[in-house]
Amino acid sequence: MLGNEAIARGAWEAGVKVSSAYPGTPSTEVSENLVKYEGVYAEWAPNEKVAAEVAMGASIVGTRAMCSMKCVGLNVAADPLYTASYIGALGGLVYVVADDPGLYSSQNEQDTRLIGRSAHVPVIEPSDSEEARVFTKRAFEISEKYDTPVIVRTTTRLAHSQGVVNLEDRVVPEDKEYVRNSPKNIMMPGHAKLRHIFVEQREKQLVEDACGLDINKVTYDDTSIGIITSGIPYQYVKEVLPHASVLKLGMVYPLPRKLIEEFASKVDRLVIIEELEPFIETEVRSWGIACEGKELFTLQGEYSANMLREKLLGQPLDIDEAAKVPRRPPILCPGCPHRSTFSVLKKLGLHASGDIGCYTLGAVAPLSVVDTTLCMGGSISMLHGIVKAKGTEFQKKWVAVIGDSTFLHTGVNSLMNMAYNKAVGTVIILDNSTTGMTGHQDNPATGKMLNGEPTYAVDLKVLCEALGVKHVKVVDAFDLKEMEKVVKEEVEREELSVIIAQSPCALLKEYIPRGKCSVDPEKCRKCGLCLKPGCPAIKKDPETGCAVIDDTMCNGCGLCQQLCPFGAISLDPNPKAVEAGIVPGGGISF
């Protein structure tokens, strides 16, 4: 199983009944696998804060519950987490949080262990798929025993690596009886002061008990070097230093002080190997224990067996220059509707305040339209700040771009703020009918739940109007003339406006390609206009200089066809598209 699959299996075996999550790489597959099991209610929430609150509600009435998210999603869920720590957990409450060393899909390298410490919430970290299954089960037990939420911290490497797991039967403990308890569950200041004392006592008890937890394991062999490690780095340690003495921490917060002190006293050289922040190292040093750590290893990115060989054994990896893989920058897919919208913005010389999603690629050449990317929903609020700071001069030069799922995640509040404060500016919602970047998960606007059941689909136009936006236009993202006309009108408008650029992601299962485009070399004037948007399906023939379209990649979106002023590009229609009555630019009907 993948690590994420194993986490889902462990949660099911532990008797979890309620799960809520927002998709975010590398955590997404946890929920996608959990929903397949009977006896579990699993859902996509609009954002991680909502997911954490749903799980907390289930826990408060005595049911085992879980919420899953990526590392930066925990920032969104931090509000309920910090107070959930005070309230505790009647039914086991587990946060699965996936960190992303190496920044494969995130905007920062965040270390969840620091948030666990700040919130006084225990953090446990598995090292392989089997431990992911087992540790998830143990997390529910620890949660109920100590009346606390528990964070299961994973990383991209664990989440997306496969390993053998031992399946066990599902055991569903009886729900704990709910009894109204205001001093415990209502966190007004007077109650919170008392619960803070409880949290402090709970943490002290955890420090003592962690020394005997079976998820913390000590192996003594060659005592000339001792390694303290956890998570995926443990695998590298065992590969590179198979005979070293190792203290493998399953609970990385709070740390088992007595166990660590005992281990340190029995080895000649103590090295702490952990990805990202010197979390373990800093605390161990504060106890007066001599150790090595980040002076040997980097704070950035993933570790590897080769890194350990170089730093600990003096064996640098010798890679032949010819064997190095060339850089391959990310690019929007052929037929992506975002490329069409960005082409219009590029032509008009506009800047875009960007957001989190596939459309962030509008920042790179040849489109080079997106100027900023901060966080989910930040594009709209940042546009508001930009215009308030610079006025009309910038209002006519800037727009905000945000995806449909991201808009529903946190963009709604930002747009509400603009409407409430009588802002001027243009927001473009790039509605591709899915949560694209994380693998086509549904959201409240798609009309489907996590389990595939049909549900109410939020009407983005009606929602924007309800927030107080008077000018909302819906445009086919591939209708270049109409898109250009509408954008020109709205950026000149001295009021708040929203443009919903609609066309489905070309990778959706339901998507029906319009056909295949081809270039007539007799008509091609080699002007290069069709190449400007950077579609990977079209290139220049090095011999003739004419444009050539790769029909294995093209899905007939028609962007290049509309850009050609000489009629050199034609469309060979897809019979299924003709039968379905699909209009230019559409892939499925909305």
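Residues numbered from 1 in each chain as written. Predicted model: local features only at pLDDT ≥ 70, side-chain atom pairs only at ≥ 80, totals over all residues. Heavy atoms only, no water.

Draft legend 1. The overall build of the chain, seen in detail. When helices and strands are counted, the chain shows 21 helices and 21 strands. Taken over the C-alpha trace, the chain has a radius of gyration of 27 Å; the compact-globule value for 590 residues is 25 Å, and the two agree within 12%. For the chain, the spread of C-alpha atoms along the principal axes amounts to about 80 × 65 × 50 Å. Relative to its 590 residues, the chain shows a buried fraction of 54%. Looking at the chain alone, contacts between residues at least 24 apart form 75% of all its contacts between residues at least 6 apart. Entry remark: accessible area of the chain is about 25,700 Å², with carbon and sulfur atoms responsible for 54%. Seen as two clouds, the 62 positive and the 75 negative side-chain charges of the chain have centres 4 Å apart. (Helix = DSSP H or I, 4+ residues; strand = E, 2+ residues; numbered from the N terminus. Rg over C-alpha atoms; globule rule 2.2 N^0.38 Å. Buried < 20%, exposed > 50% of the residue type's maximum accessible area, 1.4 Å probe, protein only. Contact = heavy atoms within 4.5 Å. Areas by Shrake-Rupley, 256 points an atom, 1.4 Å probe, with all protein chains shown as cover. Lys, Arg positive; Asp, Glu negative; His and termini not counted. Charge placed at Lys NZ, Arg CZ, Asp CG, Glu CD.)

Draft legend 2. Seen up close, the sheet that holds strand β5 (residues 123–124). Spatial strand order, β2-β1-β3-β4-β6-β5-β10: seven strands in an open sheet with mixed pairing. Single-partner strands in this sheet number two, and they are β2 (41–44) and β10 (251–253). Both strand β3 (residues 65–70) and strand β4 (residues 93–99) contribute to a ladder of six bridges, which runs parallel. Bridge pairing in β4 places K70 opposite A98. Helix-sheet contacts for helix α5 (residues 112–119) involve β4, β5, β6 (150–155) and β10, and the interaxial angle to β6 is about 170°. (Pairing = 2+ DSSP bridges. Axes fitted to C-alpha atoms, helices over the stretch in contact; angles between N-to-C directions.)

Draft legend 3. Examining unusual backbone geometry more closely. Each neighbour pair has its own omega, and for Y253 with P254 the value is -10°, a cis peptide bond. Take P254: it is sitting in the loop between β10 and α11 (257–265). Put simply, A365 and P366 share a cis peptide bond, and its omega is 5°. Mapped onto the elements of the fold, P366 is located in the loop between β12 (351–354) and β13 (370–373). Here L276, not a glycine, exhibits a phi torsion of approximately 70°, which is positive. Within the element layout of this structure, L276 appears in the loop between β11 (270–273) and α12 (279–286). Take L276: its relative accessible area is 1%, and that puts it in the buried class. For K422, which is not a glycine, the phi torsion comes out positive at approximately 55°. On the secondary structure map, K422 appears in the loop between α17 (404–420) and β15 (425–431). On the basis of relative accessibility, which here comes to 73%, the residue K422 falls in the exposed class.

Draft legend 4. Fine view of the confidence of the model for the chain. In this model, the chain carries a mean pLDDT of 93, and residues with pLDDT of at least 70 account for 98%. For residues 585–590, every residue scores under 50 in pLDDT, and the model assigns this stretch 24 contacts once sequence neighbours within four places are set aside. (pLDDT = per-residue confidence, 0-100.)

Draft legend 5. The arrangement of the sheet that holds strand β7 (residues 217–219) in detail. Spatially, the four strands line up as an open sheet ordered β7-β9-β8-β11, and their pairing is mixed. The open sheet terminates on both sides in strands that have one partner only, identified here as β7 and β11. Strand-to-strand twist of the sheet, defined as the mean angle between neighbouring strand axes without regard to direction, takes the value 20°. Pairing of β7 with strand β9 (residues 244–248) involves three bridges; the strand directions are antiparallel. Across the sheet, the residue bridging to T219 is V246, located in β9. Its contacts with the sheet put α11 on β7, β8 (222–229), β9 and β11, and the angle it makes with β9 is roughly 175°.

Draft legend 6. How the structure looks around the side chain of S106. Mapped onto the secondary structure, S106 falls in the loop between β4 and α5. Within the structure, S106 has its side chain in polar contact with the side chain of K70 (distance 2.9 Å). Non-local contacts of S106, meaning those with residues more than four positions away in its chain, are made with T25, K70, C71 and D100. (Polar contact = N/O pair within 3.5 Å; in protein donor to acceptor, adjacent residues only side chain to side chain.)

Draft legend 7. Seen up close, the environment of G10. The topology assignment puts G10 in helix α1 (residues 3–13). Its relative accessible area of 0% is what places G10 among the buried residues. The spacing of G10 and D476 is 466 residues in sequence and 44 Å in space, taken between C-alpha atoms. Each residue touching G10, except ones within four places of it in the same chain, is listed here: R133, T136 and K137.

Draft legend 8. Seen up close, the environment of V370. Position of V370 among the secondary structure elements: in strand β13. Spatially, the C-alpha atom of V370 lies 11 Å from that of I356, the residues being 14 residues apart in sequence.

Draft legend 9. Geometry of the environment of P444. Tracing the backbone shows P444 in the loop between β15 and α18 (460–466). A sequence separation of 169 residues divides P444 from E275, and the C-alpha atoms of the two residues are 36 Å apart. Ignoring any residue separated from it by four or fewer positions in sequence, one finds P444 in contact with P46, L408, Y456, A457 and V458.

Draft legend 10. A look at the pattern of salt bridges. Evaluated as defined, the whole model comprises 37 salt bridges. E13 serves as the salt-bridge partner of R133, at 2.6 Å between the closest nitrogen and oxygen. Placement of the pair is R133 in helix α6 (residues 129–146) and E13 in helix α1, with a sequence separation of 120 residues. You can call R133 buried: its relative accessible area is 1%. According to the relative accessible area criterion, E13 is buried, its value standing at 1%. Several salt bridges share partner residues, and in doing so they unite R9, E13, E130, R133, K137 and E168 into one network. (Salt bridge = Lys/Arg side-chain N within 4 Å of Asp/Glu carboxyl O.)

Draft legend 11. Region of the structure containing α12. Where α12 is concerned, the buried positions are F279, I280, E281 and V284. Looking at the buried side of α12, the elements it contacts are α5, β8, β10, α11 and β11. G288 sits one or two residues past α12 and shows a positive phi near 85°.

Draft legend 12. Geometry of the packing of helix α3 (residues 48–60) against helix α4 (residues 71–87). The N-to-C vectors of α3 and α4 enclose an angle of 25°; their axes lie 7 Å apart at closest approach. By the criterion of interaxial angle, the relationship of α3 to α4 is roughly parallel. Handedness of the α3/α4 crossing: right-handed. Packed against α3, whose contacting residues are E48, K49, A52, E53, M56 and I60, the element α4 presents G73, V76, A77, D79, P80, A84 and I87 at the interface. Each residue belonging to the contact of α3 with α4 can be placed in one class, and the counts come to eight nonpolar, one polar and four charged. (Parallel < 35°, antiparallel > 145°, perpendicular 65-115°, else oblique. Left-handed = near helix turned anticlockwise from the far one by under 90°. Nonpolar A, V, L, I, M, F, W, Y, C, P; charged D, E, K, R; others polar.)

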